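Descriptive analysis of the structure
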Amino acid sequence: MSMIAQFKPHLPFLRRYARALTGAQQSGDAYILASLEALKEDPNQIKTASSARVTLYKFFHAIWSTTGAHLESSPKSGVSAPDSRLRKLAPIERQAFLLTTLEGFTRAEACEVLDRNIAELEALLDAAHHEIERQLATSVLIIEDEPIIAADLAHIVQDLGHKFAGGATTRRQAVEMARRVKPGLILCDVQLADNSSGIDAVQDILAETDVPVIFITAFPERLLTGDRPEPTYLITKPFQDDTVKAAISQALFFRTEAAVEET
């Protein structure tokens, strides 16, 4: 298979990654072009990885880390809120965060791309998440009818530096509390205490305000029916604390600029 045929399916996603990494599509494309030209001149520069996608990102990372990563500048005015927040992360932390969130690489694949071991990657992700949470500290409403799970989620929220705004166990309580505390983030179960629906509660809340929502449920099939817009953030019970932390970071990081200004 030719180099072009091998890598072509992955180039649109690499452009997305490069744009997020550099803060501008033009500069991102320029680094991709430089990478491809260098690769064309000497294909043997590529070190074989577990997949063509990992190989492409790994080579791009090698080019970027020897050039662009050393040419960092202050965030420019007029950039979007997510871009501005990204630029506040150290380059290597930014790469680790984007590879595992925006690009969906596994931990093992991200280690290949960055040429780091798992402990080093986890340290980078931990630093990135803590910096993001420091920038985006907010109040969190938890809609959950199981007390132990609700307490666990509240602990996770507070451990990240956010404020636990309160908990609700029914649709009515959730809507009333959202009106009262105006949360910056909602963690929501699907099946609530009085057999009411967390889905309906969220729809009621979103009809009145724009707030990111993470569903945490033992019944993901109820949200993945294709009959309605499916949630961006969905965690299946039983969950790992790190999974919830990562989802919170993503939900707050990539929310719209307008939503940031309102909270």
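Our subject is the structure listed above.
Within any chain, residue numbers begin from 1 and follow the written order of that chain's sequence. The model is predicted, so local features are restricted to residues of pLDDT at least 70 and side-chain atom pairs to those at 80 or more, both for listing and for counting; the totals for chains, interfaces and linings are taken over all residues. Excluded from the side-chain calculations are hydrogens and water; all other atoms, namely the structure's heavy atoms, are used.

**With respect to the overall build of the protein chain**
To keep things clear, this is the line we draw: Put simply, DSSP marks the helices as runs of H or I at least four residues long and the strands as runs of E at least two long, and each gets a number from the N terminus on. Exposure is judged per residue with a 1.4 Å probe applied to protein chains only, and the accessible area is read against the type maximum: over 50% gives exposed, under 20% gives buried, and values in between give partly exposed. By the convention used here, residues are in contact when the closest approach between their heavy atoms is within 4.5 Å. Note on areas: Shrake-Rupley with a 1.4 Å probe; residue coverage comes only from the protein chains shown.
The helix and strand tally for the protein chain stands at 13 helices and five strands. Among the 263 residues that make up the protein chain, the fraction classed as buried is 47%. Of all intrachain contacts in the protein chain linking residues separated by at least 6 positions in sequence, the fraction that spans at least 24 positions is 67%. Approximately 13300 Å² of the protein chain is accessible, and the part contributed by carbon and sulfur atoms is 52%.

**Brief notes about the sheet that holds strand 3 (residues 185-188)**
Defined as follows: A pair of strands is treated as paired once DSSP finds two or more bridges between them. As a rule, the C-alpha atoms of each element are fitted with a line to give its axis, helices using only the stretch in contact, and angles between N-to-C directions run from 0 to 180 degrees.
With parallel pairing, five strands are arranged side by side in an open sheet as 2-1-3-4-5. The two strands at the open ends of the sheet, each matched to only one other strand, are strand 2 (163-168) and strand 5 (234-236). Within this sheet the neighbouring strands show an average axis-to-axis angle of 20°, counted without direction. Summarising the sheet, strand 1 (residues 139-143) and strand 2 pair through five bridges and their orientation is parallel.

**Examining the nonpolar core**
The line we're drawing: What makes a nonpolar core is a set of buried Ala, Val, Leu, Ile, Met, Phe, Trp, Tyr and Cys residues whose side-chain atoms join them at distances within 4.5 Å.
Judged by nonpolar contacts, the single largest core of 55 residues is most densely connected at Phe-60, Leu-153, Leu-187, Ile-214 and Ile-248. The biggest single contributor to this core is helix 4 (residues 52-66), with seven residues. Once residues within four sequence positions are removed from consideration, Leu-187 is found in contact with Val-140, Leu-141, Ile-142, Ile-143, Leu-153, Val-157, Ile-214, Ile-216 and Ile-248. Core analysis: the next-biggest nonpolar cluster, separate from the first, contains 19 residues, Ala-174, Val-175, Met-177 and Phe-215 among them.

**Comments concerning the pattern of salt bridges**
Which entries qualify depends on this criterion: Salt-bridge detection follows one rule: a side-chain nitrogen of Lys or Arg within 4 Å of a carboxyl oxygen of Asp or Glu.
Taken as a whole and judged by the stated rule, the model has 10 salt bridges. In this structure, Glu-144 engages Lys-237 in a salt bridge whose closest nitrogen and oxygen atoms are separated by 2.8 Å. Of this pair, Glu-144 sits in the loop between strand 1 and helix 9 (147-159) while Lys-237 is found in the loop between strand 5 and helix 12 (241-253), placing the two residues 93 residues apart along the sequence. A residue is classified by how much of its surface remains accessible, and Lys-237, at 14% relative accessible area, is buried. A salt bridge links Lys-237 to Asp-189; its shortest N-O distance comes to 3.1 Å. Remark: Asp-189 occurs in the loop between strand 3 and helix 11 (198-206) and Lys-237 occurs in the loop between strand 5 and helix 12; sequence separation between them is 48 residues. The buried category is assigned to Asp-189, whose relative accessible area is 3%.

**Focus on the packing of aromatic side chains**
Using the following cut-off: Aromatic pairing here means that ring centres of Phe, Tyr or Trp (its six-membered ring) are within 6.5 Å. Orientation follows from the plane angle: under 30 degrees is stacked, over 60 is edge-to-face, and everything else is tilted.
Under the counting rule described, the total for this entry stands at four aromatic pairs. Geometrically, the ring pair formed by Tyr-17 and Tyr-57 is tilted, given 5.4 Å between the ring centres and 50° between the ring planes. Highlighted residues: Tyr-17 in helix 2 (residues 11-22) and Tyr-57 in helix 4, separated in sequence by 40 residues. No difference in accessibility class separates Tyr-17 from Tyr-57, as the two residues are buried.

**Let's talk about the environment of Leu-141**
By the element assignment, Leu-141 lies in strand 1. In this structure the C-alpha to C-alpha distance between Leu-141 and Ala-154, which are 13 residues apart in sequence, comes to 9.0 Å. If sequence neighbours within four positions are ignored, Leu-141 has contacts with Ala-165, Gly-166, Gly-167, Ala-174, Met-177, Ala-178, Pro-183, Leu-185, Ile-186 and Leu-187.

**Quick look at the environment of Leu-136**
Among the secondary structure elements, Leu-136 is positioned in the loop between helix 8 (118-135) and strand 1. You can call Leu-136 buried: its relative accessible area is 4%. Each C-alpha atom of the pair Leu-136 and Ser-249 lies 8.7 Å from the other, and the pair is 113 residues apart in sequence.

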